[in-house]
Amino acid sequence: MATVKEIYALLDRKAPFRYQMDFDNAGFLVGRGDAQVSGILVALDITPAVIQEAVDKNCQLIVAHHPVIWGKLGQVTDETSTGRKVLALIEQGIAAICAHTNLDAAEGGVNTQLARRVGLTDPVPLEVDGEDEEGRPYGVGRVGLLPGGPVPLADFTALVKTALDLDGVRVMDAGVPVHKVAVGGGACGSMLGQVKAMGCDTFLTSDLKHDLYLEAADLGINLLDAGHYSTETVVCPALAQWLREAFPQVEVSVAQQQGEVFAYL
């Protein structure tokens, strides 16, 4: 077995928590640091269903991307959604570590996995926030090239749907072929200026607002909104692999009781 503190230390080496943005609440959020862990459940969100799955699988720790505690938490009661989840974790003896924007920025994290999933070569950060201990740049988003040269937007969209197992993608066709692509897991629409500055013809992200489609059309950049869940859940298998390699004596699984919260009808 391993302790919660030891698992946190591993995640802090892979995706240092100092990388997180000022507004974030990533870190060791619930539980006892010296608690022994024989089972870990990896998830994008800590929901009641994910907590129950952790109970059913005898997991003492959930490692998630989105923080289970967000913003000011003035009370922990059963009268709020966050309170009910925190109470359930405590009552079941389950700790929670959440790696959020630090995992977005880290090499091998959310954006690295998204770039790999859609086949980009030699991805580099879309926005450089700093350098790691080895002098490598880290930051949110990735930019890379499609191997084999430019392709029609319809072909790239079909590739994205297959790679992310999607029923649909919101697309704005700027009338240019796809070759140099920026990806931003989750809500990265505010980075459209950086996408233009990097010379990209296409931007794959999620949670895009109407005005961003108009701006992208004016800039000549194709936009694809593939959904928040789908552009970030790609990191869960990578997280699980990090944990399995570091703690082979611990049973690690990716949550099955999770998925997109909406459907296309």
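Residues numbered from 1 in each chain as written. Predicted model: local features only at pLDDT ≥ 70, side-chain atom pairs only at ≥ 80, totals over all residues. Heavy atoms only, no water.

1. Focus on the packing of aromatic side chains
Applying the stated criterion to the full structure yields 3 aromatic pairs. Ring centres of tyrosine 8 and phenylalanine 17 lie 4.6 Å apart, and the angle between their planes is 10°; this geometry places the pair in the stacked category. With 3.5 Å between their ring centres and 10° between their planes, tyrosine 19 and tyrosine 138 make a pair best called stacked. Here the residue tyrosine 19 occupies a position in the loop between helix H1 (4-14) and strand S2 (27-30), and tyrosine 138 occupies one in strand S9 (residues 137-138), the gap between them amounting to 119 residues. Judged by relative accessible area, tyrosine 19 falls into the buried class, the value being 8%. For tyrosine 138, a relative accessible area of 10% gives the class buried. (Phe/Tyr/Trp six-rings, centres within 6.5 Å; stacked < 30°, edge-to-face > 60°. Helix = DSSP H or I, 4+ residues; strand = E, 2+ residues; numbered from the N terminus. Buried < 20%, exposed > 50% of the residue type's maximum accessible area, 1.4 Å probe, protein only.)

2. Observations regarding the sheet that holds strand S7 (residues 121-125)
Within the open sheet, the 6 strands sit side by side as S7-S10-S12-S13-S14-S11. Their pairing is mixed. What marks the edges here is a single partner per strand, and that holds for S7 and strand S11 (170-172). For this sheet, the mean angle separating the axes of adjacent strands, direction not counted, is 20°. Sheet topology places S11 next to strand S14 (residues 222-225); 3 bridges connect them, and they run antiparallel. (Pairing = 2+ DSSP bridges. Axes fitted to C-alpha atoms, helices over the stretch in contact; angles between N-to-C directions.)

3. Re the sheet that holds strand S4 (residues 39-43)
Across the sheet, 5 strands lie side by side as S2-S6-S5-S4-S15; this open sheet has mixed pairing. Among the strands making up the open sheet, the edge pair consists of S2 and strand S15 (251-254). The mean inter-strand angle of the sheet, taken between neighbouring strand axes irrespective of direction, is 25°. As paired strands, strand S5 (residues 61-64) and strand S6 (residues 95-98) are joined by 4 bridges and run parallel to one another.

4. Considerations on the nonpolar core
Residues Ile7, Leu11, Ile40, Phe203 and Leu243 are the most contacted members of the largest nonpolar core, which totals 50 residues. Mapped by element, the contributors of at least two residues to this core are H1, S4, S5, S6, helix H4 (101-105), helix H7 (192-197), helix H8 (210-219) and helix H10 (235-246). Examining the composition of this core, we find that 6 residues originate from one element, H10, more than from any other. Ignoring any residue separated from it by four or fewer positions in sequence, one finds isoleucine 7 in contact with Ala2, Val37, Ile40, Leu61, Ile97, Leu243 and Phe247. (Core = buried A, V, L, I, M, F, W, Y, C linked by side-chain atoms within 4.5 Å. Contact = heavy atoms within 4.5 Å.)

5. A short note on the state of the cysteines
Under the definition given, this model contains 0 disulfides. Note on cysteine 200: no disulfide assigned, nearest cysteine sulfur contributed by cysteine 188 at a separation of 13 Å. We note that cysteine 236 lacks a disulfide partner, and the nearest cysteine sulfur, in cysteine 98, lies 12 Å from it. (Disulfide = S-S within 2.5 Å.)

6. Side note on the pattern of salt bridges
In the structure shown here, the tally under the stated rule is 6 salt bridges. As a salt-bridge pair, arginine 136 and aspartate 132 come within 2.8 Å of each other at their nearest N and O atoms. On the basis of relative accessibility, which here comes to 14%, the residue aspartate 132 falls in the buried class. When salt bridges with common partners are traced through the structure, they connect Asp132, Glu134 and Arg136 into a single cluster. (Salt bridge = Lys/Arg side-chain N within 4 Å of Asp/Glu carboxyl O.)

7. A closer look at the side chain of histidine 66
When you line up the elements, histidine 66 lands in the loop between S5 and helix H3 (81-92). A distance of 3.4 Å separates the side chain of histidine 66 from the side chain of histidine 228, its partner in a polar contact. Within the structure, histidine 66 has its side chain in polar contact with the side chain of glutamate 232 (distance 2.8 Å). Every residue in contact with histidine 66, bar those within four places of it in the chain, is listed here: Leu44, Asp45, Cys98, His100, His228 and Glu232. (Polar contact = N/O pair within 3.5 Å; in protein donor to acceptor, adjacent residues only side chain to side chain.)

8. Focus: unusual backbone geometry
Despite not being glycine, aspartate 122 shows a phi value in the positive range, around 45°. With respect to the helices and strands, the residue aspartate 122 is situated in strand S7. Look at aspartate 207: it is not a glycine, yet its phi comes out positive at around 55°. Residue class for aspartate 207 comes out partly exposed when judged on its relative accessible area of 42%.

9. With respect to the packing of helix H2 (residues 48-56) against H3
The relative placement of two packed helices comes down to the angle between their axes together with the axis-to-axis distance. Running from N to C, H2 and H3 cross one another at 5°; their axes reach a closest spacing of 10 Å. What the angle tells us is that H2 and H3 run roughly parallel. Between H2, through Pro48, Ile51 and Val55, and H3, the contact on the second element is made entirely by Lys85, Ala88, Leu89 and Gln92. The residue makeup of the contact of H2 with H3, split by class, is 5 nonpolar, 1 polar and 1 charged. (Parallel < 35°, antiparallel > 145°, perpendicular 65-115°, else oblique. Nonpolar A, V, L, I, M, F, W, Y, C, P; charged D, E, K, R; others polar.)

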